[in-house]
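The chain contents come next:
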Amino acid sequence: MKYTQLGRTGLKVSRLVLGTMNFGPQTDEPTSHSIMDAALGAGLNFFDTANVYGWGENKGRTEEILGTWFAQGGGRRDKTVLATKVYANMADEGDPWPNYDRLSALNIRRAVEASLKRLQTDYIDLYQFHHVDRRTPFEEIWQAVDVLIQQGKVLYAGSSNFPGYKIAQANETAARRGSVGLVSEQCLYNLAERRAEMEVIPAAQEYGLGVIPWSPLHGGLLGGVIKKEVEGGRRASGRSADALANSSVRAQVQAYEDLLDKHGLEPGETALAWLLTRPGVTGPIVGPRTAEQLESALRALEPELSEEVLSALDEIFPGPGASPEAFAW
């Protein structure tokens, strides 16, 4: 396993991040535990979750699965850099009581305590704001987070789905308070979706945030979806099916798969490996439903993509270009 620093911090994290969103809704508890054991055994130490995972009536279930895994002991918690998130409404279904969502000081305090209980731990390494809260000033957010840091319940704070100007606003506010501020940003970023290169990633680099891309295969679009259709009759679904309905996107994906076939590379592994070459990227989130999917993701650490392949990928999936030159003179 390869490791790097998380942004400007001294915290060492693996170049791949284990996403746990499927644990509970699609992967049962014993299988989830096995996947986490295999990940930790491979040296993958950075686990990402959110208080809302499990969804609907089962929101919080994913954190509970991590908690029962930590409770097995064996150094599981000490070896894991644990990241979770706050923002979504965690009130009971059918009882939409106020102050159970977003980033008010009250909800942050309430949400941390609930997550700690479900996770069966006394601290969270990286506490992430799942979305921007336009109703709560950053002064209030940092006041709440600073208290948690002083109490030892949270070590670092990060953002998710923030635009570049909100990263700047958050960290400028933190600087005025003498707070640490954001140390990471979790954003949608992959070969087929590169808009983060316009503002989000430059802002993250300027303020010393590690970038944690989610959906690195763009909903399966970059995982060999056309080849799977041809060879196994397995048709695309969800986001990838919607994208492939566009003829120009389908042509891009076909060119991508043809290029990798020519070089003997696997599509999913290459999409992850490409992200590992990008400036500012700490590591992409992989969300395996099975042990086999985890093994495939781990193989992304092996290939060294040649300049020829990297240039060809840029031709197939061109990024927006350097900022601000991409939209200015």
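Residues numbered from 1 in each chain as written. Predicted model: local features only at pLDDT ≥ 70, side-chain atom pairs only at ≥ 80, totals over all residues. Heavy atoms only, no water.

A. Focus on the overall build of the chain. Counting secondary structure elements, the chain contains 13 helices and 10 strands. Over its C-alpha atoms the chain spans a radius of gyration of 20 Å, differing by no more than 12% from the 20 Å that the globule rule assigns to 329 residues. Here the chain, with 329 residues, has 52% of them falling under the buried criterion. Taking as baseline every contact in the chain between residues at least 6 positions apart, the subset at least 24 positions apart corresponds to 77%. Working note: accessible area of the chain is about 15,000 Å², and carbon and sulfur atoms make up 49% of it. Here the chain carries 33 positive and 42 negative side-chain charges, and the mean point of each set is 3 Å from the other. (Helix = DSSP H or I, 4+ residues; strand = E, 2+ residues; numbered from the N terminus. Rg over C-alpha atoms; globule rule 2.2 N^0.38 Å. Buried < 20%, exposed > 50% of the residue type's maximum accessible area, 1.4 Å probe, protein only. Contact = heavy atoms within 4.5 Å. Areas by Shrake-Rupley, 256 points an atom, 1.4 Å probe, with all protein chains shown as cover. Lys, Arg positive; Asp, Glu negative; His and termini not counted. Charge placed at Lys NZ, Arg CZ, Asp CG, Glu CD.)

B. The arrangement of the sheet that holds strand β4 (residues 46–48) in detail. With respect to topology, 8 strands assemble into an open sheet ordered β9-β8-β7-β6-β5-β4-β3-β10, the strand pairing being parallel. Both edges of this open sheet fall to β9 (210–214) and β10 (285–286), since each of them pairs with a single strand only. By the bridge criterion, 2 bridges tie strand β3 (residues 17–19) to β4 in an arrangement that is parallel. Looking at the pairing, Gly19 lines up with Asp48 of β4. Strand contacts of helix α5 (residues 138–151): β6 (124–129), β7 (154–160) and β8 (182–188), with the helix running at about 150 degrees to β7, the strand carrying the most contacts. (Pairing = 2+ DSSP bridges. Axes fitted to C-alpha atoms, helices over the stretch in contact; angles between N-to-C directions.)

C. Layout of the pattern of salt bridges. For the coordinates displayed, the defined rule picks out 18 salt bridges. For the salt bridge of Arg194 with Glu197, the shortest nitrogen-to-oxygen distance reads 2.9 Å. One exposure class covers both Arg194 and Glu197, and it is buried. Because the salt bridges share partners, they merge into one network encompassing Arg194, Glu197, Arg278 and Asp314. (Salt bridge = Lys/Arg side-chain N within 4 Å of Asp/Glu carboxyl O.)

D. Molecular detail of helix α8 (residues 225–232). Along α8, the residues that are buried comprise Val225, Ile226 and Glu229. An end-on view of α8 places all buried positions within 105 degrees of arc, on one side of the element. Those residues of α8 that are exposed and angled more than 90 degrees off the buried face are Glu231 and Gly232. Against the buried residues of α8 lie α9 (238–244) and α10 (247–262). (Arc of directions from axis to C-beta.)

E. Up close: a negative patch on the surface. Taken together, the side chains of Glu231, Asp258, Asp261 and Glu266 present a region of like negative charge at the surface. Assignment of secondary structure puts Asp258 in helix α10. The class of Asp258 is partly exposed, set by a relative accessible area of 44%. (Patch = residues over 30% accessible without salt bridge, like charges linked within 9 Å, V, L, I, M, F, W, Y side chains within 5 Å.)

F. Local environment of the environment of Val225. Among the secondary structure elements, Val225 is positioned in helix α8. Considering only alpha carbons, one finds Val225 and Arg194, 31 residues apart in sequence, at a separation of 20 Å.

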